[in-house]
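Each chain, written out:
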Amino acid sequence: GDEIRVVFTGVKPEKRQLDALAAIGGVVSAARDATHVVTSPQLKRTPKLLTAVSSARHVVTLAWLDACARAKARAAEGPHAVRDVAKERLWDFSLAATLAANGGAGALA
């Protein structure tokens, strides 16, 4: 569906960003249920990221929530997708491919 279930890892959202999430009908969820991971531009292997990446469709920065606030609607995730080529190479892992396999657009949106 169009549900937006967000897990934050490695970042602390400000109240305005949480308000933006609520305004687009999103909720903060457990990592295993998340549709969106909101994290820093540099990937960190946190337990939440490792759990969420198996089911999430988007991994984005906090700037996505700022864009949602400006648009007063769900903003496109693609421009805010995390792309950490160095970490993906180090971990022998493609974030975009993993997210695409979960039914999301991944970092290629």
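Presented here is a report on the structure given in the accompanying data block. The structure presented is a predicted model; accordingly, all values stated were derived computationally and were not measured.

1. Description of the overall build of the protein chain
Per the secondary structure count, the protein chain includes 5 helices and 4 strands. What you see in the protein chain, going N to C, is helices and strands ordered as β-α-β-β-α-β-α-α-α. A compact globule built from 109 residues should have a C-alpha radius of gyration of about 13 Å, and the protein chain, at 13 Å, falls within 12% of that. Seen through its principal axes, the protein chain has C-alpha atoms that stretch 35 × 25 × 25 Å. Buried positions account for 45% of the 109 residues belonging to the protein chain. Put simply, of all contacts in the protein chain between residues at least 6 apart along the chain, 56% involve residues at least 24 apart. Of the charged side chains in the protein chain, 15 are positive and 10 negative, and the gap between their average positions amounts to 3 Å.

2. A word on the sheet that holds strand 1 (residues 5-8)
Spatially, 2-1-3-4 is the arrangement adopted by the 4 strands of the open sheet, whose pairing is parallel. Taken across any chain shown, the strands that pair with only one partner, and hence form the sheet edges, are strand 2 (27-28) and strand 4 (58-60). The sheet contact formed by strand 1 and strand 3 (residues 36-38) spans 3 bridges and is parallel. Bridge pairing links Val 7 to Val 37 in strand 3.

3. So, helix 3 (residues 63-71)
Of the positions making up helix 3, those classed as buried are Trp 64, Leu 65, Ala 67 and Cys 68. Buried residues of helix 3, seen end-on, are gathered within an arc of 155° and therefore sit on one face of the element. The positive-phi residue at the C-terminal boundary of helix 3 is Lys 72, with phi of around 55°.

4. Quick look at helix 1 (residues 15-23)
Among all positions of helix 1, only Gln 17, Ala 20 and Leu 21 are buried. Along the axis of helix 1, the buried positions cluster into a sector of 100°, meaning they face one direction only. Exposed positions of helix 1 whose direction lies more than 90 degrees from the buried face are Lys 15, Ala 22 and Ala 23. In the core, the buried residues of helix 1 are packed alongside strand 1, strand 2 and helix 3. Note on helix 1: the residue one or two positions beyond its end, Gly 25, has a positive phi of about 80°.

5. Observations concerning the packing of aromatic side chains
Considering all chains together, one arrives at 0 aromatic pairs under this definition. Its end group placed over the ring of Trp 91, Arg 45 keeps NZ or CZ at 5.0 Å from the ring centre.

Scoring rules and cut-offs
Residues numbered from 1 in each chain as written. Predicted model: local features only at pLDDT ≥ 70, side-chain atom pairs only at ≥ 80, totals over all residues. Heavy atoms only, no water. Helix = DSSP H or I, 4+ residues; strand = E, 2+ residues; numbered from the N terminus. Rg over C-alpha atoms; globule rule 2.2 N^0.38 Å. Buried < 20%, exposed > 50% of the residue type's maximum accessible area, 1.4 Å probe, protein only. Contact = heavy atoms within 4.5 Å. Lys, Arg positive; Asp, Glu negative; His and termini not counted. Charge placed at Lys NZ, Arg CZ, Asp CG, Glu CD. Pairing = 2+ DSSP bridges. Arc of directions from axis to C-beta. Phe/Tyr/Trp six-rings, centres within 6.5 Å; stacked < 30°, edge-to-face > 60°. Lys NZ or Arg CZ within 6 Å of the ring centre and 35° of its normal.

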